[in-house]
Amino acid sequence: MWLQAAVLQASEGVTFIGPDTHAIQAMGDKIESKLLAKNAKVNTIPGFDGVVKDADEAVRIAREIGYPVMIKASAGGGGKGMRIAWDDEETREGFRFSSQEAASSFGDDRLLIEKFIDNPRHIEIQILADKHGNALWLNERECSIQRRNQKVVEEAPSTFLDPETRRAMGEQAVALAKAVKYSSAGTVEFLVDSSKNFYFLEMNTRLQVEHPVTECITGLDLVQEMIRVAKGYPLRHKQADIPINGWAVECRVYAEDPYKSFGLPSIGKLSQYQEPLHVPSVRVDSGIQQGSDISIYYDPMISKLITYGSNRAEALKRMEEALDNYVIRGVAHNISLLREVIIHPRFVQGDISTKFLPEVYPDGFKGHKLTDLERRELLATAASLYVAEQLRSQRFLGTLRIPIAKSKRRSWELSVRLGDGIYPVAVSKDGSSFSVEVDGMKLNVTSEWNLASPLLSVTIDGTQRTIQRISRNASGETSIQFLGTVYKLQILTKVAAELSKYMPEKAEEDTSSILRSPMPGTVVAVSVKPGDTVSEGQEICVIEAMKMQNSMIAAKTGKVKAVHCKAGDTVGEGDLLVELE
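What counts as what
Residues numbered from 1 in each chain as written. Predicted model: local features only at pLDDT ≥ 70, side-chain atom pairs only at ≥ 80, totals over all residues. Heavy atoms only, no water. Buried < 20%, exposed > 50% of the residue type's maximum accessible area, 1.4 Å probe, protein only. Helix = DSSP H or I, 4+ residues; strand = E, 2+ residues; numbered from the N terminus. Pairing = 2+ DSSP bridges. Salt bridge = Lys/Arg side-chain N within 4 Å of Asp/Glu carboxyl O. Phe/Tyr/Trp six-rings, centres within 6.5 Å; stacked < 30°, edge-to-face > 60°. Core = buried A, V, L, I, M, F, W, Y, C linked by side-chain atoms within 4.5 Å. Contact = heavy atoms within 4.5 Å. Expected span 1.5 Å × (residues − 1). Patch = residues over 30% accessible without salt bridge, like charges linked within 9 Å, V, L, I, M, F, W, Y side chains within 5 Å. Areas by Shrake-Rupley, 256 points an atom, 1.4 Å probe, with all protein chains shown as cover. Lys, Arg positive; Asp, Glu negative; His and termini not counted. Charge placed at Lys NZ, Arg CZ, Asp CG, Glu CD. Polar contact = N/O pair within 3.5 Å; in protein donor to acceptor, adjacent residues only side chain to side chain. Arc of directions from axis to C-beta. Domains from an automatic or database assignment.

This part takes up the pairing of strand β25 (residues 456-460). Taking every second residue as pointing to the same face, the buried face of β25 carries Leu 456, Val 458 and Ile 460, while none of Ser 457 and Thr 459 on the other face is buried. Where strand β24 (residues 441-447) meets β25, 3 bridges bridge the pair, whose relative direction is antiparallel. In the sheet register, Val 445 faces β25, and the bridge partner there is Ile 460. Looking at chain direction, β25 and strand β26 (residues 463-472) are connected through 5 bridges and run antiparallel.

Pasting the structure below:
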């Protein structure tokens, strides 16, 4: 698509703001780009440089290279059409899925196979070149925090590179750009191992999603530079002019449920949307607004959230504040995951790799794990919010609804359910503050209690927290976003809590005998029919969402009772796909 646009514009005499068609074609094909990189003396990953014809050849090549291997689309990018294989079976499966994703995403199902570099960092070099033979490298971006080979958090510079490695990577990136007579902004991506050996991965012949972090630390406007280059002007800067000033971090905010495989797509209408632009040194690049629809047909990215600081700690602290102040309602989003990543000790120390997420969360992402102090803060805040709302409901236009009824109530005994625990909480009012007793400890909770605002600034014993109340109902159930994660609570008076014990509970659904779609998408293939016997872990169907294919498997061994979908069907999250007896 990128190449076709450039060719069409050139044929119409329109100047394309980007590289010429030769560079796009050469670098857009991973097989050709790898050969060009070798000729330009750029470090490359060992592998097979031709096109893999079929699954049998894929297995033969993988054995020759030695497992593990990476199977990826020749025309690919953005993590699509990529699979890691550790044995022959995974190679066959990876070939099937990668070729289907490649055809769906790029209209080109050609694949290549390389040696998989285990536990690497993903570090890329931003380059800028003109039409007069000049080229610069604009330092690096650390892009190792990924899920499904797609970047989630990026920063510049990297905590890992020393000046010598940075220069060597930059010089090789420029050498490759000059080898294809590249002009405009571009990115050369590398995998870097623990010994700082680096290997060419691919070149992106466009402006990357994460380019703002480079703009922050260099002071260059890359879009402006691209326009100048397209106009024919030479570069205004020399390599010695390119600085590293401060630190910048970018979080990709997605309409995804991070509790499902670190992020399965979510669709819907943005019923409420408010960017945290009031936080200092924050930039938000987005193309949506309140009321926008998030559909299954496009990438689920909502925005790019960028923060800048004089050092890394400052940039990360601002990012934490920005995430707390970001209001997104109507779709699931990954803010809880982003916030947990940037405060995790390993990330703060710079101890990261492309396997960060599965290593830190081997059982999947579960949200923020509250400390005892944080749990008490949440309980005290929720109880105070409940009482503040009760007091407000007694008033109308600033006066009591029933003027003759005098209410001097100053204390409340509540029961708060959080997770599997039920906690007695005592609240007493003291002016605009509340004194709350939890676990035998007293906390002072202060706020303006503007219940109409989506954001609520609360001070708990001198510690400021920004919370969001997501929902509430008449049964006392409420959802509060606290430290990035949404917690479900139920707040009842002491009397109501005693009576609730007599309420019947709804039986939970037996999910082992049914398969529901974990995301909205399109059914690509159904592998079973009624009467078939399936084994635990066997593929039942394939769902495609946002051009990514996901294999749905059986949770247990059994016989297929009913199939409720067929290839080509559009399904929603939670739709019933297959039943087992």
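Strand order in this open sheet of 4 strands is β33-β32-β30-β35, and the pairing throughout is antiparallel. Because the sheet does not close on itself, it has two edges, and the strands there are β33 (548-553) and β35 (570-571). As judged from the 6 bridges shared by strand β32 (residues 539-545) and β33, these two strands associate in the antiparallel manner. Note on β33: the bridge partner recorded for Glu 539 is Ile 553.

Turning our eyes to something else, we now look at the pattern of salt bridges. Enumeration over the complete set of coordinates arrives at 44 salt bridges. Where Arg 60 meets Glu 64, a salt bridge forms, and the shortest distance between an N and an O atom there is 2.9 Å. Taken together, the positions of Arg 60 and Glu 64, both in helix α4 (residues 55-65) and 4 residues apart, correspond to about one turn of that helix. Between Glu 210 and Lys 151 there is a salt bridge, and its shortest N-O distance comes to 2.8 Å. Placement of Glu 210 in the loop between β9 (198-204) and α7 (211-218) and of Lys 151 in strand β7 (residues 150-156) is noted, with a sequence separation of 59 residues between them. The exposure class assigned to Glu 210 is buried, which follows from its relative accessible area of 1%. A relative accessible area of 8% places Lys 151 in the buried class. What emerges from the salt-bridge pattern is a single network uniting Glu 124, Arg 141, Lys 151, Glu 154, Glu 189, Glu 210 and Arg 252.

Following the criterion strictly, the structure yields 7 aromatic pairs and no others. Here the aromatic rings of Phe 262 and Tyr 361 are separated by 6.4 Å at their centres, their planes lie at 50°, and the arrangement is tilted. You can see Phe 262 sitting in the loop between β11 (256-257) and β12 (264-265) and its partner Tyr 361 sitting in the loop between α12 (356-360) and α13 (372-393), a full 99 residues away along the chain. On the basis of relative accessibility, which here comes to 15%, the residue Phe 262 falls in the buried class. Take Tyr 361: its relative accessible area is 12%, and that puts it in the buried class. Every member of this aromatic cluster is reached through a ring pair, and the members are Tyr 259, Phe 262, Tyr 361 and Phe 365.

What follows deals with the nonpolar core. In this structure, Val 153, Leu 305, Tyr 326, Ile 328 and Phe 347 are the most contacted members of the largest nonpolar core, which totals 37 residues. Sorting the residues of this core by element identifies β7, β10 (247-254), β15 (282-286), β17 (301-309), α9 (312-324), α10 (335-343) and α12 as the ones contributing at least two each. Once you skip the residues sitting within four places of it in the chain, Tyr 326 turns out to touch Val 253, Tyr 273, Gln 274, Glu 275, Pro 276, Val 284, Ile 302, Ser 303, Leu 305, Ile 335 and Gln 468. By size, the runner-up hydrophobic cluster in this structure holds 34 residues, among which are Leu 414, Leu 418, Val 427 and Ile 467.

Our next topic: helix α6 (residues 163-179). Look at α6: 24 Å from first C-alpha to last across 17 residues, which is about the 24 Å you get at 1.5 Å a residue. Within the sequence span of α6, burial applies to Thr 165, Arg 166, Met 169, Gly 170, Gln 172, Ala 173, Val 174, Leu 176 and Ala 177. Buried positions along α6 lie against α2 (21-28), α3 (30-39), β5 (121-129), β6 (135-147), β8 (184-192) and β9. A positive phi of about 50° marks Lys 181, the residue just after α6.

A few words now on a negative patch on the surface. Taken together, the side chains of Asp 87, Glu 89, Glu 90 and Glu 93 present a region of like negative charge at the surface. Examined against the element boundaries, Glu 93 turns out to sit in helix α5 (residues 88-106).

Glancing now at the environment of Asp 87. Tracing the backbone through its elements, the reader meets Asp 87 in the loop between β3 (82-85) and α5. Taking the relative accessible area as the measure of exposure, Asp 87 reaches 33% and is therefore partly exposed. Taking the C-alpha atoms as reference, Asp 87 lies 8.5 Å from Arg 63; in sequence the two are 24 residues apart. Separated by 3.2 Å, the side chain of Asp 87 and the backbone nitrogen of Glu 89 make a polar contact. Only 2.8 Å separates the side chain of Asp 87 from the backbone nitrogen of Glu 90, close enough to count as a polar contact.

Those residues of α3 that sit buried are Lys 30, Ile 31, Ser 33, Lys 34 and Ala 37. Buried positions in α3, seen along its axis, are confined to an arc of 165° and lie on one side of it. On its buried side, α3 packs onto α2, β1 (47-52), β2 (69-73), β4 (111-115), α6 and β9. The backbone nitrogen of Glu 32 lies 3.2 Å from a side-chain oxygen of the residue at the head of α3, namely Asp 29. Looking one or two places after α3, you find Lys 41, whose phi comes out positive at around 65°.

Along its sequence, the chain is carved into domain 1 (1-44 + 118-245), domain 2 (46-116), domain 3 (252-354), domain 4 (372-394 + 408-501) and domain 5 (514-580). The centre of domain 2, based on its C-alpha atoms, is set 53 Å off from the matching centre of domain 4.

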